[in-house]
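# Residue-level structural notes
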Amino acid sequence: MQPLGRSGSVVLYGRVSSHRQRQEGGLERQLERLREVAGDRPVAGEFFDVASGLSASAKGCGAL
């Protein structure tokens, strides 16, 4: 992936702590809200994790 620099693009990142939260729609609600906040700015990528905030194995966050 190319560095974003000052292109005005945004990257979206959502996280839930459990698969249950994901199944209940928590992750999708977060991403929908992030898309709203991004507005007209181009979205360069969307990443997410289903992991505890204390977990060092958050792969989506590492991809940023």
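This text goes with the structure placed above it.
Presented here is an overview of the structure given in this document. (Residues numbered from 1 in each chain as written. Predicted model: local features only at pLDDT ≥ 70, side-chain atom pairs only at ≥ 80, totals over all residues. Heavy atoms only, no water.)

Time to look at the pairing of strand β1 (residues 10-16). Only one face of β1 is buried: it carries Val10, Leu12, Gly14 and Val16, and the other face, with Val11, Tyr13 and Arg15, is open. Examined bridge by bridge, β1 and strand β2 (residues 43-50) share seven bridges and lie parallel to one another. Bridged to Gly14 within β2 is Phe48. (Buried < 20%, exposed > 50% of the residue type's maximum accessible area, 1.4 Å probe, protein only. Helix = DSSP H or I, 4+ residues; strand = E, 2+ residues; numbered from the N terminus. Pairing = 2+ DSSP bridges.)

Each α-helix winds once per 3.6 residues, and so residues spaced three or four apart point in a common direction. Compared with an ideal rise of 1.5 Å per residue, which puts 13 residues at 18 Å, helix α2 (residues 26-38) spans 18 Å between its outermost C-alpha atoms and is within 8% of the ideal. When α2 is considered as a whole, its buried residues turn out to be Gly26, Leu27, Leu31 and Ala38. Projected onto a plane normal to the axis of α2, the buried residues spread over an arc of 130° and lie on a single side. Away from the buried face of α2 by more than 90 degrees, exposed residues Arg29 and Glu36 are located. Considering only its buried residues, α2 is in contact with β1, α1 (19-23) and β2. Looking one or two places after α2, you find Gly39, whose phi comes out positive at around 60°. (Expected span 1.5 Å × (residues − 1). Arc of directions from axis to C-beta. Contact = heavy atoms within 4.5 Å.)

With that out of the way, let us pick up the environment of Phe47. Following the sequence through the fold, Phe47 ends up in strand β2. Overall, Phe47 belongs to the buried group, its relative accessible area being 17%. Each C-alpha atom of the pair Phe47 and Val11 lies 7.7 Å from the other, and the pair is 36 residues apart in sequence.

By themselves, these observations are geometric and do not establish any function.
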